[in-house]
Amino acid sequence: MLNEKLLNLLNQQVNKELYSSYLYFTMSNHLHELSFYGASNWFKKQASEEFEHATKLMDYIHQENGKVHLEAIKVEQFKFQTLKEAFEITLKHEQYVTSLIHDLFALARELKDYRSEVFLTWFVNEQSEEESSVNTLLEKINLIGDCKNLLLKFDSELASR
Ligand code: FEO
């Protein structure tokens, strides 16, 4: 049986992951409209991953006999024009998600809910990987600078994610 406060936070996290999925689909569509087709694909894949994260959390709540509560999702429409801005928004968002996962992990530990702590370890590691990969992409974008040819090459590399 899950502690009530932990269950509420887990549900909140389900909704945050679904929000992330929706956000990245929105960004993918916007990038497509800007003709960054590779990056559009990258964000579409990212959106699918976020959906999987939400599914993982819902499955865990059910496994522990909890109830899932889904909320309406409203996503901010970002009006960015560059890949740099898109990945900066992503990094900021992922850092925020990391802080939420850490709060969840800390609560599970405080409650001595070892099962939840072990379950959440996967998310702690996943956040570290996500932040690291977005940081690497931002470093590359900074190296590319204003060179349009390199930027297009970089965009086409993102198509293979
Ligand atoms: Fe599921 Fe990117 O956080």
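Higher on the page you've got the structure.
Residues numbered from 1 in each chain as written. Predicted model: local features only at pLDDT ≥ 70, side-chain atom pairs only at ≥ 80, totals over all residues. Heavy atoms only, no water.

Colleague: What is the right way to look at the side chain of Gln46 in this model?
Modeller: Relative to the helices and strands, Gln46 resides in helix H2 (residues 37–63). Polar side-chain contacts of Gln46 include one of 3.1 Å to the side chain of Glu130. (Helix = DSSP H or I, 4+ residues; strand = E, 2+ residues; numbered from the N terminus. Polar contact = N/O pair within 3.5 Å; in protein donor to acceptor, adjacent residues only side chain to side chain.)

Colleague: In this structure, what is going on with the environment of Asp59? I would like to understand it.
Modeller: With respect to the helices and strands, the residue Asp59 is situated in helix H2. Taking the C-alpha atoms as reference points, Asp59 and Glu17, separated by 42 residues in sequence, lie 14 Å from one another.

Colleague: What am I meant to see in the pattern of salt bridges here?
Modeller: Pairing is possible between side chains that carry opposite charge, provided their charged atoms lie close to one another. Taken as a whole and assessed by the stated rule, the structure comprises five salt bridges. A salt bridge links Glu49 to Arg161; the shortest N-O distance between them is 3.2 Å. One end of the pair, Glu49, is in helix H2; the other, Arg161, is in the segment after helix H5 (148–158), with 112 residues separating them in the sequence. The exposure class of Glu49 is partly exposed, given its relative accessible area of 27%. When its relative accessible area of 30% is taken as the criterion, Arg161 is described as partly exposed. Put simply, Lys153 and Glu157 hold a salt bridge, and the shortest N to O gap is 3.6 Å. (Salt bridge = Lys/Arg side-chain N within 4 Å of Asp/Glu carboxyl O. Buried < 20%, exposed > 50% of the residue type's maximum accessible area, 1.4 Å probe, protein only.)

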